[in-house]
Amino acid sequence: MNVASISSLLRARLELTSFSLRRFVVLAGSRYNQDSVNAGKRQHQLQKNVSRPRDTIRKQLSSLAPVLSAGEKLSLMENQAVGMVAASQANFMRVIVNSGSEKEDSGISGVELLCVVKAVLKKIKRRVVVGDRVLVGSIDWVDRRGMIENVFERNTEILDPPIANVDSLLVLFSFEQPKLEPFALTRFLVEAESSGIEFSLVLNKAELVDKSTLNDWKARLRSWGYEPIICSIAANQGLDTLQFRLRDRTSVIVGPSGVGKSSLINALRSNKCTPGTTGDDNWFESVLGSKWYEEQLVGEVSKRSGKGKHTTRNVSLLPLSGGGHLADTPGFNQPSLLKVTKHSLARYFPEIQKTLEAQQPLRCAFKGCLHLGEPGCIITGDWERYPYYFQLLDEIKIREEFQLRTVGTKRESDVRIKVGELGVQHAEPRLEPKKHRRQSRKTVNQSLLDELYELDDDDEDEDDNDEPLDGRTPNQ
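Conventions adopted
Residues numbered from 1 in each chain as written. Predicted model: local features only at pLDDT ≥ 70, side-chain atom pairs only at ≥ 80, totals over all residues. Heavy atoms only, no water. Helix = DSSP H or I, 4+ residues; strand = E, 2+ residues; numbered from the N terminus. Expected span 1.5 Å × (residues − 1). Buried < 20%, exposed > 50% of the residue type's maximum accessible area, 1.4 Å probe, protein only. Contact = heavy atoms within 4.5 Å. Salt bridge = Lys/Arg side-chain N within 4 Å of Asp/Glu carboxyl O. Pairing = 2+ DSSP bridges. Right-handed = clockwise from strand over helix to strand, strands pointing away. Core = buried A, V, L, I, M, F, W, Y, C linked by side-chain atoms within 4.5 Å. Axes fitted to C-alpha atoms, helices over the stretch in contact; angles between N-to-C directions. Parallel < 35°, antiparallel > 145°, perpendicular 65-115°, else oblique. Nonpolar A, V, L, I, M, F, W, Y, C, P; charged D, E, K, R; others polar. Patch = residues over 30% accessible without salt bridge, like charges linked within 9 Å, V, L, I, M, F, W, Y side chains within 5 Å. Areas by Shrake-Rupley, 256 points an atom, 1.4 Å probe, with all protein chains shown as cover. Lys, Arg positive; Asp, Glu negative; His and termini not counted. Charge placed at Lys NZ, Arg CZ, Asp CG, Glu CD. Phe/Tyr/Trp six-rings, centres within 6.5 Å; stacked < 30°, edge-to-face > 60°. Lys NZ or Arg CZ within 6 Å of the ring centre and 35° of its normal. pLDDT = per-residue confidence, 0-100. Polar contact = N/O pair within 3.5 Å; in protein donor to acceptor, adjacent residues only side chain to side chain. Left-handed = near helix turned anticlockwise from the far one by under 90°.

K.L.:
Talk me through helix H4 (residues 182-195); I want residue IDs and the actual numbers.
P.N.:
Helix length check: H4, at 14 residues, gives a terminal C-alpha distance of 20 Å against a target of 20 Å (1.5 Å per residue), a fit within 8%. Burial analysis of H4 places 12 of its 14 residues in the buried class, which makes it a mostly covered element. In the stretch just after H4, Gly 196 is the one whose phi turns positive, near 75°.

K.L.:
So what about helix H7 (residues 261-270)? Which residues, and what values?
P.N.:
For H7, the buried fraction is high: eight of the 10 residues fall into the buried class. Along H7, the residues classified as buried are Lys 261, Ser 262, Leu 264, Ile 265, Asn 266, Ala 267, Leu 268 and Arg 269. The inward-facing, buried residues of H7 contact strand E8 (168-174), helix H6 (239-246), strand E11 (250-254), strand E13 (316-319) and strand E14 (325-328).

K.L.:
An account of the pattern of salt bridges is requested, with residue identities and associated values reported.
P.N.:
Taken as a whole, this structure holds 10 salt bridges when the rule is applied. Close ionic contact of Arg 222 with Glu 227 constitutes a salt bridge, the shortest N to O distance being 3.0 Å. Taking relative accessible area as the criterion, Glu 227 reaches 52% and is therefore assigned exposed. The closest approach of N and O atoms between Arg 385 and Glu 351, which form a salt bridge, is 2.8 Å. Here Glu 351 lies in helix H8 (residues 350-358) and Arg 385 lies in the loop between H8 and helix H9 (386-406), a separation of 34 residues in the sequence. Judged by relative accessible area, which is 0%, Arg 385 ranks as buried.

K.L.:
Requested: an account of the pairing of strand E9 (residues 198-204), with residues and values cited.
P.N.:
Of all seven residues in E9, six are buried, a share of seventy percent or more. Direction of pairing for E8 relative to E9: parallel, over a ladder of seven bridges. Each bridged residue has a counterpart across the sheet, and for Leu 170 the counterpart in E9 is Ser 200. Where the polypeptide runs from E8 across H4 and back to E9, its parallel neighbour, the crossover connection is right-handed. A crossover connection joins E9 to the parallel strand E10 (residues 229-230) through helix H5 (residues 211-224); in handedness this β-α-β unit is right-handed.

K.L.:
Please give an account of the nonpolar core that cites residues and values.
P.N.:
One finds Val 95, Val 128 and Ile 148 to be the most contacted residues of the largest nonpolar core, which totals 47 residues. At five residues, H4 tops the list of elements feeding residues into this core. When residues no more than four places from it in sequence are discounted, the contact partners of Val 128 are Val 85, Met 93, Val 117, Leu 121, Val 134, Ile 148, Val 151 and Arg 154. Within the second largest apolar cluster, 20 residues are counted, among which are Leu 345, Cys 364, Cys 377 and Leu 393.

K.L.:
Any details on the packing of H6 against H7? Residues and values, ideally.
P.N.:
It is the contact of H6 with H7, at a shortest axis distance of 10 Å, that shows an interaxial angle of 80°. Here H6 lies roughly perpendicular to H7, going by the angle between them. Contact residues: Leu 239, Leu 242, Gln 243 and Leu 246 in H6; Leu 264, Ala 267 and Leu 268 in H7. Within the contact of H6 with H7, the residues separate by chemical class into six nonpolar, one polar and no charged.

K.L.:
Please set out a negative patch on the surface residue by residue, giving values where relevant.
P.N.:
Where like charges cluster on the molecular surface, the negative patch consists of Asp 450, Glu 451, Glu 454, Asp 456 and Asp 457. Secondary-structure assignment places Glu 451 in helix H11 (residues 441-466).

K.L.:
I'd like a description of the packing of aromatic side chains, backed by residues and values.
P.N.:
Overall, the coordinates contain eight aromatic pairs when judged by the stated rule. With centroids separated by 5.6 Å and ring planes inclined at 55°, the aromatic side chains of Phe 183 and Tyr 388 adopt a geometry described as tilted. Taken together, the positions of Phe 183 in helix H4 and Tyr 388 in helix H9 put the pair 205 residues apart, joining distant regions of the chain. Ring geometry for Trp 383 and Tyr 386: centres 5.7 Å apart, planes at 75°, overall edge-to-face. Across the pair, Tyr 386 and Trp 383 agree in class, each one buried. Taking NZ or CZ as reference, Arg 133 lies 4.2 Å from the ring centre of Phe 152, over its face. Positioned over the ring face of Trp 224 is Arg 385, at 4.7 Å from the centre of the ring.

K.L.:
Tell me about the confidence of the model for the chain, residues and numbers included.
P.N.:
For the chain, the average pLDDT comes to 75, and 66% of its residues sit at 70 or higher. Low pLDDT (under 50) marks residues 301-310, which in the prediction has 16 contacts with non-local residues, meaning those over four places away or in another chain.

K.L.:
How would you sum up the side chain of Glu 351? Please name residues and give values.
P.N.:
Since its relative accessible area comes to 11%, Glu 351 is described here as buried. At 2.8 Å, the side chain of Glu 351 forms a polar contact with the side chain of Arg 385. When sequence neighbours within four positions are dropped, the list of residues in contact with Glu 351 reads Ser 223, Trp 224, Trp 383 and Arg 385.

K.L.:
Outline a nonpolar patch on the surface, supporting the account with residue identities and numerical values.
P.N.:
Among the surface-exposed residues, Leu 449, Leu 452, Tyr 453 and Leu 455 lie close enough to one another that they form a single nonpolar patch of about 400 Å² accessible area. Mapped onto the elements, Leu 455 comes out in helix H11.

K.L.:
Tell me about the packing of H4 against H5, and name the residues and values.
P.N.:
The geometry of a pair of packed helices is captured by two quantities: the angle between their axes and the separation between those axes. Where H4 contacts H5, the two axes come as close as 13 Å, and the packing angle between them is 45°. The angle between H4 and H5 falls in the class oblique. Regarding H4 and H5, the two cross each other, and that crossing is right-handed. For the pair formed by H4 and H5, the contact residues are Pro 182, Leu 185, Thr 186 and Leu 189 on the first element and Trp 217, Arg 220, Leu 221 and Trp 224 on the second. Along the lines of polarity and charge, the residues of the contact of H4 with H5 split into six nonpolar, one polar and one charged.

In structure tokens:
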């Protein structure tokens, strides 16, 4: 073999070897890429499988008991129903629910259940009040008992007394027994104005005063910006007008004790001559197991103080014969005015608003004017209730300053989130240490030791007091 043939043979082997190496690299690279893609797909699928239940649990446990929207339709089980809280007393609620099966079989439009509130609602501080639309579960249709599992979203709410989904208010006062006091009436009117709910002012016991007094109070209240409804239960005056206004609405009667709230409710419920109604409109007679047939207890005014006694002790929502509901509430003499601030108080006095509208386009010189005689204020003090406005404003200022000193602005949530396995978040109620958690053994033992030490010290003091003053023993 010559040199040229040997070199050509070596060149051919080198080309074959390089081709094999390039093919191996390409195959290896493609296989590596395929393995990477498969591994990525497997990792993505794993993450997807893990995140799917995690997202589901997050949606389910984002809140322990999510508030149900007012128009939400639920798929109910046999032992579940939706109803309305009609009364609340201690830890029990009376709920009127609709049962489809019983309605078809016996013609009954509702069943009254004695219910308790689910513990988780109490722990997350979700309050259930009269007038709430609730979801009731674990129903025993034989004994008529159940458990309130959730609460629907409220349309309206008032704090004094606590009632939800209210359409109108009746501010009830009496001319005499107890005597009508302008400042007490102003407090109730400001509370009603701050609620944002339509209300009517009703003056009862018109038979106890003469006609001139009635006309004087009418003119006085018109100057305040209100048109009162005069009624008398004893003389059967004004009841038809009230019942026509309350028809097909959820209304609440508020006022001091002794003005005749329970008596007015009994009169309205026993009045069958409602304008525009028939005898078939008395739907609550078909409520099974209901205690709504009973009349409300009525008490007498105290002869010594001239004020009413606390006869009604709990809030109850009662049906009217012409349709609608009327709430009987305990009497209270001083509304809390918690929704009223020093800057919003002026909006709840019609006299101030009337003056501001009459003076337009003029305005007060300062944006946050409290109408206390500041420079450039267009509100003067020549109206009757100006001293009451000044007194209420001073009271609200003191309350707001006290809240800033004691409460502060930071408030923790009622629900805390705990992270478990695979990053799954669990919602738990934030418990109050002094209420739901007992003290540690160390603290209990230490408190017992402290009490024993105090008893020993008391015994030593008694022994020292028993010794003779001259230092001699009893035998000497």
